[in-house]
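Results of the structural survey
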Amino acid sequence: MNKRTVRDLSSDEIKGKRAIVRADFNVPLDDNGEITDDTRIRAALPTLRLLLDRGARPIVLSHLGRPKGKPEQKFSLQPVGKRLEKLIGKKVNFVETTDTDEAMQAAATLADDEILLLENTRFLGGEETNDPRLSRALASLGDLFVNDAFGTAHRAHASTEGISEFLKPAVAGLLMERELDYLGKALEGAEKPFVAILGGSKISGKIDVIEALLPKVDGLLVGGAMACTFYRAMGLETGKSLVEDDKVQLAADLLEKWGTRITLPHDAMVAPGRERPEAAHAVHRDAIPAGEAMLDIGPRTSESFGRAIASARTILWNGPMGVFETPPFDKGTSAIATAMASATNHGATTIVGGGDSAAAVAQAGLADKMSHVSTGGGASLEFLEGKPLPGVEALDDRR
Ligand code: ADP
Ligand code: MG
């Protein structure tokens, strides 16, 4: 990576310094405001621990949910502060504001070996508009900036991009570094054979990823509803399956140009609808009934995709193979997760990107069996498309 990271900081740059850490604590909450998945909080711990160990005082900024530039109690970071305190075993001071005298005061008096968490950055009008006045105010809270919020790196906001202009050094955190290292492998220098698996509901959101990956991979395995748009391009009956009519031509063009690299499912799990799981049955891809929808890849496809995964050295996966939220349509997705876990075991590099894909891997209990599960859905897609991430671009270059 060509950006400085928190590991590159000299002791002069870090000891006794107040480090503004932009984390991505955008965790899911239930109706009672309880955190239902703390993966993103755990993912930030290595950077916070490193800073504390090296004598810095972390002042943490994050957004949560989509408040529209003003305070909304249900998006308060207070519960996140409590969970963070439990997970890291250090005192976490929480201040209910972000750019006020109170926050300044708390930052200035923060004790050694303690953390300060400020309130949701999206409670501030200038955050999403990247207002330089806000960036400057946030910068004045600390002595250096550490961006560890990979999940928000594709947005140029005051606390992710703008602040780097006013506060140096501005470096990547350990999570950011890890994400860029693993996803970067998919764009250059992947050990071959390199296989990508794409699924999910729509081609439209993933065209740029498909086009960026095709020249680099040895094989692209397609599942999910996306496969049905390709089927339509091949002239197959797709019944009630989710097909994007305006993308059929694009699918045909991709098959024409890259047909030998693209593998579509040979068979499908179909049913009259996702509310009829008991009616699920497997059919060959040229026998999808007109009154039914493809809701998962079929068992023969799971096997052949599994063999392709087993013979690869690098495997990148984005997008579930079926409606994994509703069993038995989770089978294809679980089969891919299992095949990838076994590939990791045999020394292959396995990378999972995408919010639903990460959830599916966690649901299968296999998250820790992958080389890397990205914490950023949209950010990982934009990175794989080859787009620069503003939150990364703004950091200091490695000398
Ligand atoms: P990710 O978040 O991993 O990038 P997407 O958001 O693109 O994945 O896609 C996930 C969604 O795709 C899931 O909600 C899943 O139900 C849906 N999906 C997968 N296969 C099908 C299918 N055959 N028909 C309808 N929806 C599907
Ligand atoms: Mg999704």
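Just above, that's the structure.
Residues numbered from 1 in each chain as written. Chains lettered and ligands numbered in written order. Predicted model: local features only at pLDDT ≥ 70, side-chain atom pairs only at ≥ 80, totals over all residues. Heavy atoms only, no water.

Here's the deal with the sheet that holds strand β10 (residues 267–271)
- On the basis of which strands lie adjacent, the open sheet formed by three strands has the order β11-β10-β12 and antiparallel pairing. Either end of the sheet is taken by a strand with one partner, and the two such strands are β11 (281–284) and β12 (293–297). Neighbouring strand axes in the sheet, compared pairwise and without regard to direction, differ in orientation by 45 degrees on average.
- By the bridge criterion, four bridges tie β10 to β12 in an arrangement that is antiparallel. Across the sheet, residue A268 finds its bridge partner in β12, namely I297. (Pairing = 2+ DSSP bridges. Helix = DSSP H or I, 4+ residues; strand = E, 2+ residues; numbered from the N terminus. Axes fitted to C-alpha atoms, helices over the stretch in contact; angles between N-to-C directions.)

Brief notes about the sheet that holds strand β8 (residues 219–222)
- Read across the open sheet, the six strands follow the order β9-β8-β7-β13-β14-β15; overall the sheet is parallel. Strand pairing shows two members of the sheet lacking a second neighbour, β9 (262–263) and β15 (372–373), which therefore form its edges.

Re the pairing of β8
- Residue alternation in β8 divides its side chains into two sets, G219 and L221 and L220 and V222, and both sets are buried.
- After leaving strand β7 (residues 194–198), the chain enters helix α8 (residues 207–213) and then returns to the sheet as β8, a path that is right-handed.
- Where β8 and β9 come together, two bridges link them in parallel fashion. The residue of β9 that forms the bridge with L220 is I262. (Buried < 20%, exposed > 50% of the residue type's maximum accessible area, 1.4 Å probe, protein only. Right-handed = clockwise from strand over helix to strand, strands pointing away.)

Examining helix α11 (residues 299–310)
- Here α11 spans 16 Å end to end across twelve residues, near enough to the 16 Å set by a 1.5 Å rise per residue.
- Buried within α11 are the following residues: T301, S302, S304, F305, G306 and I309. (Expected span 1.5 Å × (residues − 1).)

Some thoughts on helix α9 (residues 226–233)
- Within α9, six of the eight residues are buried, leaving the element largely enclosed by the surrounding structure.
- Among the residues of α9, M226, A227, C228, T229, F230 and Y231 are the ones counted as buried.

Let's talk about unusual backbone geometry
- Looking along the chain, the bond that leaves K192 and enters P193 is cis, with omega of -5 degrees.
- Locating P193 in the fold gives a position in the loop between α7 (174–187) and β7.
- Cis geometry marks the peptide bond from P327 to P328; its omega dihedral reads 5 degrees.
- With respect to the element layout, P328 can be found in the loop between β13 (314–318) and α12 (331–345).
- At D113, a residue that is not glycine, the phi angle is positive and equals roughly 65 degrees.
- The backbone of N130 shows a phi angle near 55 degrees, a positive value even though the residue is not glycine.
- Position of N130 relative to the elements: it lies in the loop between β4 (114–118) and α5 (132–139).

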